[in-house]
Amino acid sequence: MHKITVNGASIAYDEAGTGSPVVLLHAGIADRRMWRGQVSALAARHRVIVPDLRGYGDSELPPAAFTHHDDVAGLLDALDLPRAALVGCSFGGAVAIDTALAHPDRVSALALFDTAVSGNEWSDEANDLWDDLVGEVDPDDFVAGAAGEVRFWVVGPGRQPEDVDPELVAFAQEMDQRALAAELALGAVEVGELTPPATGRLGELKIPVLVTAGAADVPDISRLADRIAAEVPNATRLPDVPDAAHLLPLERPEPVNAALLDFLS
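Parameters at a glance
- Residues numbered from 1 in each chain as written.
- Predicted model: local features only at pLDDT ≥ 70, side-chain atom pairs only at ≥ 80, totals over all residues.
- Heavy atoms only, no water.
- Helix = DSSP H or I, 4+ residues; strand = E, 2+ residues; numbered from the N terminus.
- Rg over C-alpha atoms; globule rule 2.2 N^0.38 Å.
- Buried < 20%, exposed > 50% of the residue type's maximum accessible area, 1.4 Å probe, protein only.
- Contact = heavy atoms within 4.5 Å.
- Areas by Shrake-Rupley, 256 points an atom, 1.4 Å probe, with all protein chains shown as cover.
- Pairing = 2+ DSSP bridges.
- Axes fitted to C-alpha atoms, helices over the stretch in contact; angles between N-to-C directions.
- Polar contact = N/O pair within 3.5 Å; in protein donor to acceptor, adjacent residues only side chain to side chain.
- Phe/Tyr/Trp six-rings, centres within 6.5 Å; stacked < 30°, edge-to-face > 60°.
- Lys NZ or Arg CZ within 6 Å of the ring centre and 35° of its normal.
- Core = buried A, V, L, I, M, F, W, Y, C linked by side-chain atoms within 4.5 Å.
- Salt bridge = Lys/Arg side-chain N within 4 Å of Asp/Glu carboxyl O.

(A) Spatial organisation of the overall build of the chain. Across its full length, the chain holds nine helices and eight strands. In summary, the chain has a C-alpha radius of gyration of 17 Å against a globular reference of 18 Å for 265 residues, a match within 12%. Each principal axis of the C-alpha atoms in the chain carries an extent, and together these give about 45 × 40 × 35 Å. Scored against the burial criterion, the 265 residues of the chain give a buried share of 55%. Look at the contacts in the chain between residues 6 or more apart in sequence, and 76% of them connect residues 24 or more apart. For the chain, the accessible surface area stands at approximately 10900 Å², while carbon and sulfur atoms represent 51% of it.

See the structure below:
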């Protein structure tokens, strides 16, 4: 693990390999460890940088106002990188998109897995699925909260917990407990948002964009991937990956690595 100061905060990151730079941005229910299946595969051809977003994992959270997308650009500054390809999953994908819109000269390509998009509102179907699968959870109970989020996102609405690798479930719950604590702390800090948000601006992305999702994820996620592919001029929409849900790079590293190596080449 390395640490570097970015916009006044100490950001933790891992780094491996040499070549064209690639930054991996983790999901909001995880931290940089979710990319453990990608680092060595990508490092054979690329300089791979894997940060914890501010407040998550081993990165600190000073009380000053900030934006995640400006932190990504600040990380590139701190590492003396003019441009990089950004790879994001879930919330990390939303941060990657926002960075490309706010700092278009700093991002050479986007690869998005089960991505969120800033400004998007979840459908009634997604909200009903949450009520059916999880229900109300005490926000102060990180163990119960993580179990509920992992059931919803990592197992997914079309699978049962016993259908999923128990080591994956346990690892996801451990990461998510830390992420929930991070989100609670972030609630006390002014976290800026991209204005206007990305939902109405996808057509501004002029760089190559790769997008896909896990077939077992919440249906809203696959629809978002379809929308990105329809609105981004230079987008490639890969078929959803079977038997995988929201943490697709962690659950199915082989097809993700193959897609990334082909796309980034």
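Don't stop here, the text continues.
(B) Focus on the sheet that holds strand β8 (residues 235-237). Here eight strands make up an open sheet; going across it, the order is β1-β2-β4-β3-β5-β6-β7-β8 and the pairing mixed. Edge positions in the open sheet fall to β1 (2-6) and β8, since each of these has one partner strand only. Geometrically, the sheet is characterised by an average inter-axis angle of 25° between neighbouring strands, direction not taken into account. Contacting β1, β2 (9-16), β3 (20-25), β4 (46-51) and β5 (84-89), helix α2 (residues 68-78) crosses the sheet at an angle of about 110° to β1. With respect to the sheet, helix α7 (residues 219-231) is in contact with β6 (107-113), β7 (209-212) and β8, its orientation differing from that of β8 by roughly 145°.

(C) Region of the structure containing the side chain of Ser118. Mapped onto the elements of the fold, Ser118 is located in the loop between β6 and α4 (124-133). Overall, Ser118 belongs to the buried group, its relative accessible area being 17%. Here Asp98 takes part through its side chain, which lies 2.8 Å from a polar atom of the side chain of Ser118. Filtering out sequence-adjacent residues up to four positions away, Ser118 remains in contact with Ala94, Asp98, Leu194, Pro197, Ala198 and Thr199.

(D) Structural view of the packing of aromatic side chains. Counted according to the given criterion, the structure contains three aromatic pairs. Between Trp130 and Phe152, the aromatic rings sit 5.1 Å apart at their centres with planes inclined by 70°, giving edge-to-face as the arrangement. Of this pair, Trp130 sits in helix α4 while Phe152 sits in helix α5 (residues 142-155), and the two are 22 residues apart along the sequence. Aromatic ring contacts, followed pair by pair, group Trp122, Trp130, Phe152 and Trp153 into a single cluster. Taking the ring centre of Phe66 as reference, the NZ or CZ of Arg54 above it sits at 4.2 Å.

(E) Region of interest: the nonpolar core. Counting 46 residues, the largest nonpolar core has Leu24, Met34, Val87, Val154, Leu247 and Leu260 as the members making the most contacts within it. Here this core gets six residues from one element, more than from any other, and that element is helix α9 (residues 253-264). Excluding its chain neighbours within four sequence positions, the residues that come into contact with Val87 are Val22, Val23, Leu24, Leu25, Trp35, Ala111, Phe113 and Leu260. One finds Phe66, Ala182, Leu186 and Leu202 within the second-largest nonpolar core, a separate group that totals 42 residues.

(F) A look at the side chain of Thr99. Along the polypeptide, Thr99 turns up in helix α3 (residues 91-102). You can call Thr99 buried: its relative accessible area is 0%. If near-sequence neighbours (up to four positions away) are discounted, Thr99 is found in contact with His69, Val72, Ala73, Leu86, Pro104 and Val107.

(G) Representation of the environment of Glu15 in the model. In this structure, Glu15 sits in strand β2. Overall, Glu15 belongs to the partly exposed group, its relative accessible area being 30%. Once the C-alpha coordinates of Glu15 and Val50 are considered, the two residues, 35 residues apart in sequence, prove to be 6.3 Å apart. With sequence-adjacent residues up to four places away left out, Glu15 is seen in contact with His2, Arg47, Val48 and Ile49. For Glu15, the side chain forms a polar contact with the side chain of Arg47, separated by 2.6 Å.

(H) Broad picture of the pattern of salt bridges. Counted by the stated rule, this structure contains 20 salt bridges. Ionic pairing is found between Asp31 and Arg178, a salt bridge with its closest N-O pair at 4.0 Å. Of the two residues, Asp31 sits in the loop between β3 and α1 (39-43) while Arg178 sits in helix α6 (residues 166-186), which places them 147 residues apart along the sequence. A residue is classified by how much of its surface remains accessible, and Asp31, at 2% relative accessible area, is buried. For Arg36, the salt bridge goes to Glu167, with nearest N and O atoms at 3.1 Å. One end of the pair, Arg36, is in the loop between β3 and α1; the other, Glu167, is in helix α6, and 131 residues separate them in sequence.

(I) Spatial organisation of the pairing of β1. When β1 meets β2, the two strands line up antiparallel, connected through five bridges. If you follow Thr5 over to β2, its bridge partner there is Ser10.

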